[in-house]
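This is what each chain is made of:
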Protein chains: 2
Amino acid sequence: MSTRKALYASNGADLAELRTNMSVDYVIHYSIPSNKDKAEAEAGFAQLIEVLTKVGLASEVRPGDESSVLIFVKVASNEYLASQIYRERVQDWLFGVRASAPEKGITEAFENEPVTEAERLRLVYLLITKPKNEGGAGITPKKGQWKYVTSVFPLHDNAFNSTWIKAWSTKYFLDDEDLDRVRDKFGESVAFYFAFMQSYFAFQLFPAAFGFAAWLVLGRYSWLYSIVTSLWSVIFFEWWKKKEVDLAVQWGVRNVSRIQHPRTQFQWDYEAPDPVTGEPVKYYPPTKRLRTQLLQVPFALSCVLALGALYIFCFGVEIFLTEVYDGPFKSYLTFTPTIILSSILPVLSTILTKFAEKLTERENYQTNDAHQAAIITKIFIINFITSYTPLFLSAFVYMPFGNLMLPYLQIFAATARKLSSEKSITTLDFRINPDRLKSQMVYFAVTAQIVNVALEFVVPYLKRVVVDKFQEKRASLASKPIQDAPEEHEFLQRAREEARLEIYDVAVDYREMVIQFGYLSLFSSIWPLTPLAFFINNWIELRSDAMKIAMSSQRPIPWRSDSIGPWLNALGFLSWAGTLVSSALVFLFSGESEGPGGDPSNVNVVGLLLTILFAEYLYLGTQFVVRYALGQVDSPGLQKERAMRYRIRKRLLEETLGPDAMKETVPPTPETGERITLAALKKDARKLSTGVAATPEQM
Amino acid sequence: MSTRKALYASNGADLAELRTNMSVDYVIHYSIPSNKDKAEAEAGFAQLIEVLTKVGLASEVRPGDESSVLIFVKVASNEYLASQIYRERVQDWLFGVRASAPEKGITEAFENEPVTEAERLRLVYLLITKPKNEGGAGITPKKGQWKYVTSVFPLHDNAFNSTWIKAWSTKYFLDDEDLDRVRDKFGESVAFYFAFMQSYFAFQLFPAAFGFAAWLVLGRYSWLYSIVTSLWSVIFFEWWKKKEVDLAVQWGVRNVSRIQHPRTQFQWDYEAPDPVTGEPVKYYPPTKRLRTQLLQVPFALSCVLALGALYIFCFGVEIFLTEVYDGPFKSYLTFTPTIILSSILPVLSTILTKFAEKLTERENYQTNDAHQAAIITKIFIINFITSYTPLFLSAFVYMPFGNLMLPYLQIFAATARKLSSEKSITTLDFRINPDRLKSQMVYFAVTAQIVNVALEFVVPYLKRVVVDKFQEKRASLASKPIQDAPEEHEFLQRAREEARLEIYDVAVDYREMVIQFGYLSLFSSIWPLTPLAFFINNWIELRSDAMKIAMSSQRPIPWRSDSIGPWLNALGFLSWAGTLVSSALVFLFSGESEGPGGDPSNVNVVGLLLTILFAEYLYLGTQFVVRYALGQVDSPGLQKERAMRYRIRKRLLEETLGPDAMKETVPPTPETGERITLAALKKDARKLSTGVAATPEQM
């Protein structure tokens, strides 16, 4: 628990060893199994040290646990690293990420733009993982030749983490500097997540307040609330698109997505010179990929079918047990659907996710980014179905068609009769429960969020306690306990602890927020306090995500990125779908009766369709107007970028053409013979037979 | 008629004077009224010559007709013009239009990239019209101080025009070179129109063939035809968006829309330094403009009301006269609605257009482009209503509600009874005419197009003949006929002729094509031969537009542009609206009965709404897929641009950092003390108390 000790130590003097990383850049966790693969692992270890040395990395080895070692890696020569960083900056400039070329001398370049920790760590990570032909060591954790490399991670900067968490837990809103600090430590990829979170949180203030007022005054299923929320979601989405670009410019990573890291698993069909750089590049025909991508359609359908069937089954059982069944063990039996769902759903999700990964693998993307984006899209589909199906079923199946479902529910009664010894099952009169939707929504907006935060906090904590205890026990039981040099002991203990932590995946956090945004835009008219609940949750979420990074994850590799990536599309889709779903909800459930009460003949289909159509056009119109209006406002980031490019070009121009290049030149006076004044014209009768003062009428 | 003589002269030897423009760059047509304003006009003339001289333009004056003079303008010093052109190229580079700066010396720069005629003429025109503070003469034809300047135009290059028209009339498809030639003569703005026309024409081959097949096999209101056409329109639209960028890169005008020519009428609220260049810039708050722009909503509504009322009135009269009325003069009376429409519609359109201009004026745009785009949007709205209302009324009012309209039509009968001496009006039994829609569509697709081409050809021809005759007559009657020097006579006659021609406005031609595209995507399922008719028409249209420029217009000012501008949005809107309207049409009219036959109870409203909703989603889905698929294909233009930028940067890099800058540097071997090999580790027990070969279990 030394990490947490350090985190909250107000006086760090006696914990100096926790505050220094002993200038280690990366730790490689290498497992050495004790079975027959041991020889192979040992050979791999020797190779590992060799390739690391070859790319200029020095390494020190210390024991990890009893079946692994920790290799502490450090750049041998700072000059070499500097030249690597300089090369990357030049590459950035070639790809249009930077407006200006770095200074000519390396020393001046680093004086003007100091190297951030994130930059250094990213470069070292690339040295370790880049393929050999690109100048790296080519180490791919857990894959192929390097299957015994469990993880490659930088050590946490505990001093920073402790001030970070302290600062964030004591303020309401984060400012740009807070985000900049995160960016300098964990890279733009993580910083973008927090920037998005912060913007989303700040924007939510409005629907939270409006929702609260609507809850007091307007009640559920309010037209006004629904329209205002849709409008809000469009504005937030369009605004974020601009903000994202601004941030990217500010952080100097705009267009960084153009610099793609090639996927090692990519299989090419042929090689051809790159039309831009002229270097040979591996190609895979996009039409061939497009054909594989078409498999996404049956994939999405089978997701809908598999997950839908599970949900419908559980839904049927639940309705039957809660609202029809009145026999023995009712209070226990009502948990049956929850038990079925929570046991089968994770399994099914895992299977579908694995399948999605296989499919993406077959789509054979050339770069990590494209691969990642394709996986995220598929995972979003799975999550969309698992998250929203219960509400969809309640709103659009249970409420309008509930009474028609009744005969089918008797199947369960018959089954139960066959299985149980009793001959008759007591049943209640079935009546649609009009509060079902609301209680579901409250569950998703409050209960599920609390459970989620708790899980994010408590489970890793418990897991760590258990693992630590287990390790201590095991170490004390070992025939020969690990003996560290006393001056290294605390430091090594900490490194061992960090090696056991999970790898942080920003996509998991994004997914959670995007799905939350979906609840807000699709279903929040059911319970207008939803945005308020989310607003409160997100304040905590933002801090708990920071703590997750600082305390229960390995320090993330500081990747760069210039946007929130494929999640942007997901947000846009949810904002659009939200307009349609919430308009349909409001149409179906607003008014005195609150819904069709299980009878489809109560639904005015023409009105419903007209409402959806109208909402759709309203959405498209609003989007057009908001885009236009935001387009009128100049973005400070883009302006800065333009100004920078302009200055650079102007300087270059003056350098090459001299300082007077853009000065106004004075036009020469036309030579006589070509010069004609009115006086001259008047004299010359031939030239001006009908001059100004001599129009025919005047003559 | 000497121009046309020259155009078709196979032997130009005897017409040399028509083939040379006597190195005149521009002709300024200056009118000198014979009334009390004469003194003012004369003073203006003196000033005109003076300001022209000041900006380095030489001028020669010759009589125009009896109340005007022609001023032949020419750049006095070619060196001065060259420096102007060079400055513009540098400016292009500063604004990111060019990837590379022009060569350092002016001479080398022009050797590498010769000056096209369009470039030269554009620069001279800017010299004449730019405000004085920007180094121009500040002449604004027909406005303010320069209200007597009727027009400023370059002379036609007859030799080019004659080969141009000849070449185009003898080939089916134009190639890139044809477009390049037009671009070199008339500038990118005109070239973009022809490029669009050509692409549109080539793309139409498919719906023309498919429509013909559909007409033979599927008949009217076919689902398949409608879906295929919608798909085609989406693909065409998305494809053109890419093509446009490609062309702009190829012509070196990409991003040229960033270089804006300020509007002289712009009124600013305050001045502030430009954030990019630092120069003081005039500002008008966009929020203030946005408020004025909101007036567009009542404007659009009043257009709909005014034009709609007119149409509905004429529509009622027409239905009454053709299908109800059977009294005397029926054959004459049926023309009444046509007469009403063709007399009131132009007046109403003109009023609305004037109003649109006023409104745009009030929106107070800073640049000519923004102003132009705003006018075009409004004119598109007016044109949309005037063009499609007849078909909308027939399809969605007459056909479903025809029988309900009948009582109202009796108003006309009553009115007629009152007006006429006869006491009773014979009437027919009203029956819905199911062929009404089709005959309207045939009218728009064939008759209207033929009439239009005829108008474009014949009217200017007749007008010219009449005007020429009139001028000849007038000249011969004048107290003192204009006497030209014999060697100049033919040339001056030609210049006088050209001064009388119309100014070419490319927006008129775009409008025609965009409206045609609308007929195709909205209504062509009514008559599947529509695309074939348009295809044939467009072959002629393309050539007739070329002839219009060459023969019946003044030579256009060769403006640059990097796209078809606001028409792109209009196309996108029509492609989207087309999906909805044509799906509704097909739903209403397909099948045996061919339409609801005037009775709204025959319409399945739920089905109709579902169809529209389904079509909408299909459209959005298709658009998404097509965009994605086209996004996968690299655009040759953008690729070229990237390659160019990359080369330039690489060269710059080598210049500044030396040729080895991007070479791989060799990593240094880590020093001893940091370097650890497995062998060394094994020896050092302290450092590797549990090394690879010494795990606790093995001990």
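Residues numbered from 1 in each chain as written. Chains lettered and ligands numbered in written order. Predicted model: local features only at pLDDT ≥ 70, side-chain atom pairs only at ≥ 80, totals over all residues. Heavy atoms only, no water.

You'll find chain A entered in an unreviewed UniProt entry as Anoctamin dimerisation domain-containing protein, with Xylaria multiplex given as the organism. A UniProt comment under Subcellular location (unreviewed entry) is attached to chain A, and it reads "Membrane". (UniProt positions renumbered as here; feature names shortened; annotations may be inferred.)

Trainee: Looking at this structure, I do not really get the domain arrangement of chain A. What am I missing?
Mentor: Interface extent is often summarised as the accessible area lost during association of the parts. Residues and elements named next belong to chain A. Looking at chain A, the domain boundaries give domain 1 (21-155) and domain 2 (176-258 + 275-478 + 487-633). Taken over C-alpha atoms, the centre of domain 1 sits 36 Å from the centre of domain 2. Tallying the contact residues gives 29 residues for domain 1 and 29 residues for domain 2. Summing the contributions of domain 1 and of domain 2, the shared interface buries around 2600 Å²; its carbon and sulfur component is 58%. Summed over the three residues of domain 1 that lose the most area to domain 2, namely Val97, Arg122 and Leu155, the buried surface amounts to 21% of that side. Between the two partners, domain 1 and domain 2, sit five salt bridges. Of the charged contacts in the structure, one is a salt bridge between Arg560 and Asp92, with a shortest N-O distance of 2.8 Å. (Domains from an automatic or database assignment. Contact = heavy atoms within 4.5 Å. Buried area = accessible area lost by both parts, 1.4 Å probe. Salt bridge = Lys/Arg side-chain N within 4 Å of Asp/Glu carboxyl O.)

Trainee: Looking at this structure, how should I read the nonpolar core?
Mentor: Side chains of a nonpolar character, in soluble globular proteins, are inclined to be buried together. Ranked by internal contacts, the top residues of the largest apolar core, which has 228 residues, are A:Trp164, A:Phe194, A:Phe523, B:Trp164, B:Phe194 and B:Phe523. Excluding residues that lie within four positions of it along the chain, B:Trp164 makes contacts with B:Val182, B:Phe186, B:Phe194, B:Ala546, B:Ile549 and B:Ala550. (Core = buried A, V, L, I, M, F, W, Y, C linked by side-chain atoms within 4.5 Å. Buried < 20%, exposed > 50% of the residue type's maximum accessible area, 1.4 Å probe, protein only.)

Trainee: What should I look at first to understand the UniProt feature "transmembrane region" (unreviewed entry) in chain A in this one?
Mentor: Residues and elements named next belong to chain A. Following the UniProt record, the feature "transmembrane region" (unreviewed entry) maps to residues 190-217, 223-240, 297-320, 332-352, 373-398, 441-462, 567-589 and 601-620 here. The distance separating the terminal C-alpha atoms of residues 190-217 is 40 Å; by composition the span is 100% helix and 0% strand. The span residues 332-352 shows a helical share of 90% and a strand share of 0%, and its end C-alpha atoms are spaced 31 Å apart. (Helix = DSSP H or I, 4+ residues; strand = E, 2+ residues; numbered from the N terminus.)

Trainee: It is not clear to me how the side chain of B:Gln623 should be interpreted in this structure. Could you clarify?
Mentor: Residue and element names in this part refer to chain B. Position of Gln623 among the secondary structure elements: in helix H20 (residues 605-632). Accessibility expressed as a relative area gives 14% for Gln623, which makes it buried. Contacts of Gln623, omitting those with residues within four sequence positions, involve Val234 and Glu238.

Trainee: Is there a simple way to think about the sheet that holds strand E3 (residues 68-75) of chain A in this case?
Mentor: Pairing between sheet strands relies on hydrogen bonds along the backbone, with the strands arranged either parallel or antiparallel. Residue and element names in this part refer to chain A. Strand order in the open sheet formed by four strands is E2-E3-E1-E4, and the pairing between neighbours is antiparallel. Across the chains shown, the open sheet's two edge strands, defined by having one partner strand only, are strand E2 (57-63) and strand E4 (149-153). Ignoring strand direction, the axes of neighbouring strands in this sheet form an average angle of 20°. Two strands pair when backbone bridges link them, and E2 and E3 are joined in this way by seven bridges, in the antiparallel orientation. Opposite Ala58, over in E3, you have Lys74 as the bridge partner. Seen against the sheet, helix H6 (residues 117-129) touches strand E1 (26-31), E2, E3 and E4 and runs at an angle of roughly 35° to E1. (Pairing = 2+ DSSP bridges. Axes fitted to C-alpha atoms, helices over the stretch in contact; angles between N-to-C directions.)

Trainee: Even after reading the chapter, I still don't get the pattern of salt bridges, so can you show me in this structure?
Mentor: Where charged atoms from two side chains of opposite charge come close, those side chains can pair. All names here are of chain A. Applying the stated criterion across every chain, the model contains 62 salt bridges over all chains. A salt bridge links Glu117 to Lys185, with the nearest nitrogen and oxygen atoms 2.3 Å apart. Residue Glu117 is found in helix H6, and its partner Lys185 is found in helix H8 (residues 176-217); the two are separated by 68 residues along the sequence. Residue class for Glu117 comes out partly exposed when judged on its relative accessible area of 30%. Note that Lys282 and Glu271 form a salt bridge whose closest N and O atoms lie 4.0 Å from each other. With Lys282 in strand E6 (residues 280-283) and Glu271 in strand E5 (residues 270-273), the pair connects residues that are eleven residues apart, well separated along the chain. Of the residues examined, Lys282 reaches a relative accessible area of 30% and is grouped as partly exposed. Here Glu271 falls in the partly exposed class, since its relative accessible area comes to 48%. In this structure, a network of salt bridges that share partners links the residues Lys171, Asp175, Glu177, Asp178 and Arg181.

Trainee: Looking at this model, I keep getting lost on the packing of helix H10 (residues 286-293) of chain A against H20(B). Mind explaining?
Mentor: Between two packed helices, both the angle of their axes relative to each other and the distance between the axes serve to describe the pair. Orientation of H10(A) relative to H20(B), taken along the N-to-C sense of each, is 150°, at an axis distance of 10 Å. Between H10(A) and H20(B), the crossing angle belongs to the class labelled roughly antiparallel. Between H10(A) and H20(B) the crossing geometry is right-handed. Every residue of H20(B) that contacts H10(A) at A:Pro286, A:Arg289, A:Leu290 and A:Gln293 is listed here: B:Tyr628, B:Ala629 and B:Gln632. Looking at the contact of H10(A) with H20(B) residue by residue, the classes come out as four nonpolar, two polar and one charged. (Parallel < 35°, antiparallel > 145°, perpendicular 65-115°, else oblique. Left-handed = near helix turned anticlockwise from the far one by under 90°. Nonpolar A, V, L, I, M, F, W, Y, C, P; charged D, E, K, R; others polar.)

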